[in-house]
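# Architecture at a glance
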Amino acid sequence: MSENSSEYKRLKNKPDEEVSTSQGPHQTDPSENKKALDRFSEAQLRDNFAKKKILDYGMQPCVKSDSSSADIPKLTVVFDLDWTLIYSSKEKLLPAQQRLASGKAYTAIRPYCDTLLKNIRQFCTIMVFSFGSESYVNEVRSLIDPNGEYFDEVFSRNSCTKVMNLYGKDLTKTGADLKRTVLIDDRTQSFLFQVAKWCTDYNSTG
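Read on for an overview of the structure. (Residues numbered from 1 in each chain as written. Predicted model: local features only at pLDDT ≥ 70, side-chain atom pairs only at ≥ 80, totals over all residues. Heavy atoms only, no water.)

### Some remarks on the overall build of the protein
Helix and strand counts for the protein come out as five helices and nine strands. Of the regular secondary structure in the protein, the N- to C-terminal order runs α-α-β-β-β-β-α-β-α-β-β-β-β-α. Going through the 206 residues of the protein one by one, you find that 25% of them count as buried. The contacts in the protein between residues at least 6 apart in sequence include a share of 63% that link residues at least 24 apart. (Helix = DSSP H or I, 4+ residues; strand = E, 2+ residues; numbered from the N terminus. Buried < 20%, exposed > 50% of the residue type's maximum accessible area, 1.4 Å probe, protein only. Contact = heavy atoms within 4.5 Å.)

### Here we look at helix H4 (residues 134-144)
Turning to H4, its buried residues are Tyr136, Val137, Glu139, Val140 and Ile144. Along H4, the residues classed as buried sweep out an arc of 160° about the axis, all on the same side. Packed against the buried residues of H4 are strand E2 (86-89), strand E4 (106-109), helix H3 (113-120), strand E5 (124-129) and strand E6 (153-155). (Arc of directions from axis to C-beta.)

### Some points on the nonpolar core
When a protein is soluble and globular, its nonpolar side chains tend to lie buried together. Counting residues in hydrophobic clusters, the biggest one holds 19 residues, and the most contacted among them are Leu81, Leu85, Leu117, Ile144 and Phe151. The greatest single-element share of this core, amounting to four residues, is contributed by H4. Residues contacting Leu85, with those up to four places away along its chain left out, are Phe79, Asp80, Ile109, Arg110, Cys113, Ile144 and Phe151. Ranked by size, the runner-up nonpolar core spans eight residues in total, among them Val78, Phe129, Cys160 and Leu171. (Core = buried A, V, L, I, M, F, W, Y, C linked by side-chain atoms within 4.5 Å.)

### Quick word on the sheet that holds strand E1 (residues 75-79)
Spatial ordering of the open sheet is given by E6-E5-E1-E9, a layout of four strands whose pairing is parallel. With partners counted over all chains shown, the strands left at the sheet margins are E6 and strand E9 (181-184), one partner each. For this sheet, the mean inter-axis angle between neighbouring strands, taken without regard to orientation, is 20°. Direction of pairing for E1 relative to E9: parallel, over a ladder of four bridges. (Pairing = 2+ DSSP bridges. Axes fitted to C-alpha atoms, helices over the stretch in contact; angles between N-to-C directions.)

### Describing the sheet that holds E2
The three strands lie next to each other as E2-E4-E3, forming an open sheet whose pairing is antiparallel. Two strands lie at the open edges of the sheet, namely E2 and strand E3 (98-99), each paired on one side alone. Here four bridges tie E2 to E4, and the two strands are oriented antiparallel to one another. Its bridge partner lying in E4, Ser88 is registered against Thr107.

### A few points about the pattern of salt bridges
Any two side chains of opposite charge can pair, so long as their charged atoms come close to each other. Taken as a whole and assessed by the stated rule, the structure comprises four salt bridges. A salt bridge links Asp114 to Lys118, with the nearest nitrogen and oxygen atoms 3.7 Å apart. Here Asp114 pairs with Lys118, and both are found in helix H3, just four residues apart, close to one helical turn. Given the relative accessible area of 36%, Asp114 is considered partly exposed. One salt-bridge network, held together by shared partners, links Asp80, Lys169 and Asp185. (Salt bridge = Lys/Arg side-chain N within 4 Å of Asp/Glu carboxyl O.)

Structure (structure tokens):
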């Protein structure tokens, strides 16, 4: 009894750093536990991903093999002119710039502009909407599209809408379906009118 008591006191008073860290045969290395947990987690992720793929596949709508893109309305692409399709300046700054017939500006067509318009022509209705005057826009249009092959409609400053001393481009004036209309423009103010409509029209899906 006295031996057990003395042994208990010895173990109780033993400093922490002297406590044995050796493991019995039933214990495992903590690093092995982590590896096993990682393997389990990875297997669970793979299993969940596989189930999700099966579920998603089952929810995919059926697509008829005889469906045709002709049933989908054309996309309308509205381009700005300056800093978008062309670069104009009052003085000649680039070798590629040509002087307009009016003599008001030197204009260079952006690289690959013709390639872009030619490639999207069969899929899209193409329009121009510019802050420039009607005479300037018509001159530039003749430069980009001399044979009238690309642009279906052209809008100039006369078609812009003035909002608090800023000119915006109201795309409803194009007559296009706004759900399938894209405006490509370098100025954020060009979008002001449409942004205002989207913010106030709670039924809009745009």
